[in-house]
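# Reading the structure
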Amino acid sequence: MAQGSSHAPHRVAVIVDEGTNPFEVGVATELFGLPRPELGLAGPLYDVTLCAPAREVRMNHGFFTLTGVPGLDAADAADTLVVPGRPDNVVPRGQAVLDAIRRAHARGARVLSLCTGSFALAEAGLLDGRRATTHWRWADLFRELHPKVLLEPDVLFVDEGDILTAAGSAAALDLCLHVVRRDHGAEVANAVSRRLVFAAHRDGGQKQFVERPLPDVPDESLAPLLAWAQARLGEQLTVARLAARAAVSPATLHRRFKAQLGTTPLAWLTGERVALACRLIERGEERLDVVAARSGLGTAANLRARVRRETGLSPSAYRRRFGPGGGEPLVS
């Protein structure tokens, strides 16, 4: 069952501080705050509010000023607190902002940082001894200022359960979609990504940036191969077969995946199969062996392991949470 479908909507507060990057504020409001009529819902998936330490907040580079923003008391009522980044990471955050972050975490709220928002979480003491990421450009400074944090500088995002950190601004989209998927399931997340015209799922472990953002030769684009593979996930797809379809060697295919997607062919294929398995479970398929076969995961045991690794839930628990009407446990 989607979070908030039978209870009060999940409350999200986005902290807007002096110099905050407007893109990340836009990402949070776009992903969490907009109505979703395409899902048949009367309102948004979440109840979103901005909050700030002052009634007027000057955004990054003074492009514009937000006025009439609610105070940080709004953060004290949030189930999820979002902390966007700002470019002046050497300048400490105000004490009121750091205290609001600490209070939210202490009472059990989920805390997200977007881009360099991780500096604020680290400054508040939330990240000591924990895994986190930040924008690759600021990784050395982050290590210098916060040596107790287990920084992973070459990933899109890190999910530590109650604390989640995204890398660059575009990775904020990946993290917020990941949160929607975690809260509401793959079908809802896919619908949101389609509206955004954005990739439905990029695993957090993928690289922050790729070697070649645009292929030198149009024919080297992986798009036709990806579409072909997505239509055949239940078949015996291997890296060798993908390479043969693309008319290249497996080594060349591997290099192109790393350059264009920041991941490997096998990791991409596994991620697509898990996403399909989750959609099949949400649509009501109750037989584990059928889900495993149609998604290409092979066996019920492999299906259980992969779904649990991706979602933190067993297939049966996933069905109870996101399946039609809750549903009975899946059967082998």
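Attention here is on the structure that accompanies the text. (Residues numbered from 1 in each chain as written. Predicted model: local features only at pLDDT ≥ 70, side-chain atom pairs only at ≥ 80, totals over all residues. Heavy atoms only, no water.)

## Comments concerning the sheet that holds strand β5 (residues 80–83)
- If you trace the six strands from one edge of the open sheet to the other, you get β2-β1-β5-β6-β10-β9, paired in mixed fashion. Edge positions in the open sheet fall to β2 (46–51) and β9 (157–159), since each of these has one partner strand only. Strand after strand, the sheet turns through a mean of 15° between neighbouring axes, direction not considered.
- Judged from the four bridges that link them, β5 and strand β6 (residues 110–113) form a sheet pairing that is parallel. In the strand pairing of β6, L81 is matched with V111.
- Against the sheet, helix α2 (residues 95–106) contacts β1 (10–15), β5, β6 and β10 (163–166), and its axis sits at roughly 145° relative to β5. (Pairing = 2+ DSSP bridges. Helix = DSSP H or I, 4+ residues; strand = E, 2+ residues; numbered from the N terminus. Axes fitted to C-alpha atoms, helices over the stretch in contact; angles between N-to-C directions. Contact = heavy atoms within 4.5 Å.)

## Quick notes on the packing of aromatic side chains
- Following the criterion strictly, the structure yields four aromatic pairs and no others.
- Ring geometry for Y318 versus F322: centroids 4.7 Å apart, planes at 55°, classification tilted. One end of the pair, Y318, and the other, F322, are both in helix α13 (residues 315–322), four residues apart, so they sit about a helical turn from each other. Here the two residues Y318 and F322 agree in accessibility, since each one is buried. (Phe/Tyr/Trp six-rings, centres within 6.5 Å; stacked < 30°, edge-to-face > 60°. Buried < 20%, exposed > 50% of the residue type's maximum accessible area, 1.4 Å probe, protein only.)

## Some details on the pairing of β6
- Every second residue of β6 is oriented toward a common face, with R110 and L112 on one face and V111 and S113 on the other, all of them buried.
- In this view, the connection linking β5 to its parallel neighbour β6 by way of α2 has right-handed handedness.
- In this structure, β6 lies alongside β10, joined through three bridges in parallel fashion. Bridging across to β10, L112 finds its partner in L164. (Right-handed = clockwise from strand over helix to strand, strands pointing away.)

## Observations concerning the nonpolar core
- The biggest cluster of nonpolar side chains holds 32 residues, and the ones touching the most others in it are L225, L253, F257, L303 and Y318.
- The set of elements that each furnish at least two residues to this core consists of α7 (223–230), α8 (239–246), α9 (250–260), α10 (265–282), α11 (288–295), α12 (300–311) and α13.
- Broken down by element, the residue count for this core peaks at eight residues, all from α10.
- With near-sequence residues (within four places) excluded, L253 lies in contact with L222, L225, V239, L242, A243, A246, V248 and P265.
- Core analysis: the second largest hydrophobic core is formed by 29 residues, A78, A109, L141 and V149 among them. (Core = buried A, V, L, I, M, F, W, Y, C linked by side-chain atoms within 4.5 Å.)

## Re helix α6 (residues 186–196)
- Regarding α6, the residues found buried are A186, V188, A189, N190, A191, V192 and S193.
- Next to the buried residues of α6 lie α1 (22–33), α5 (169–184), α10 and α13.

## Notes on the environment of L145
- Mapping L145 onto the fold places it in helix α4 (residues 139–145).
- Classification of L145 by relative accessible area gives partly exposed; the value is 38%.
- Not counting the four nearest positions on each side in its chain, L145 is found in contact with N89 and F119.

## What to know about α11
- Taken together, the buried positions of α11 are L288, V290, V291, A292 and S295.
- Looking at the buried positions of α11, the neighbouring elements they touch are α10, α12 and α13.
- Once α11 ends, the next one or two residues include G296, with phi positive near 85°.

## Side note on the packing of α6 against α10
- Where α6 meets α10, the axes come as close as 8 Å, and the angle between the chain directions of the two elements is 115°. Relative to α10, the element α6 lies roughly perpendicular. Listed contacts from α10 to A186, E187, V188 and N190 of α6 are A275, C278, R279 and E282.
- Of the residues belonging to the contact of α6 with α10, the class tally is four nonpolar, one polar and three charged. (Parallel < 35°, antiparallel > 145°, perpendicular 65-115°, else oblique. Nonpolar A, V, L, I, M, F, W, Y, C, P; charged D, E, K, R; others polar.)

## Let's talk about the pairing of β2
- Pairing of β1 with β2 involves six bridges; the strand directions are parallel. Within the sheet, the bridge partner assigned to V12 lies in β2 and is V48.
- What joins β1 to β2 is α1, and the crossover it makes is right-handed.

## Quick word on the environment of L151
- Tracing the backbone through its elements, the reader meets L151 in strand β8 (residues 150–151).
- When the C-alpha positions of L151 and L127 are compared, they lie 9.4 Å apart, and in sequence the two are 24 residues distant.
- If we ignore the near neighbours within four places in the chain, the residues touching L151 are A132, T133, T134, A139, F142 and R143.

## Section: the pattern of salt bridges
- By the definition in use, this model includes 17 salt bridges.
- D99 is paired through a salt bridge with R102; the nearest N and O atoms lie 3.0 Å apart. Placement of both D99 and R102 in helix α2 is noted, with a separation of three residues, approximately one turn of the helix.
- Since its relative accessible area comes to 28%, D99 is described here as partly exposed.
- Residues E285 and R287 are paired through a salt bridge, measuring 2.8 Å at the closest nitrogen-oxygen approach. (Salt bridge = Lys/Arg side-chain N within 4 Å of Asp/Glu carboxyl O.)

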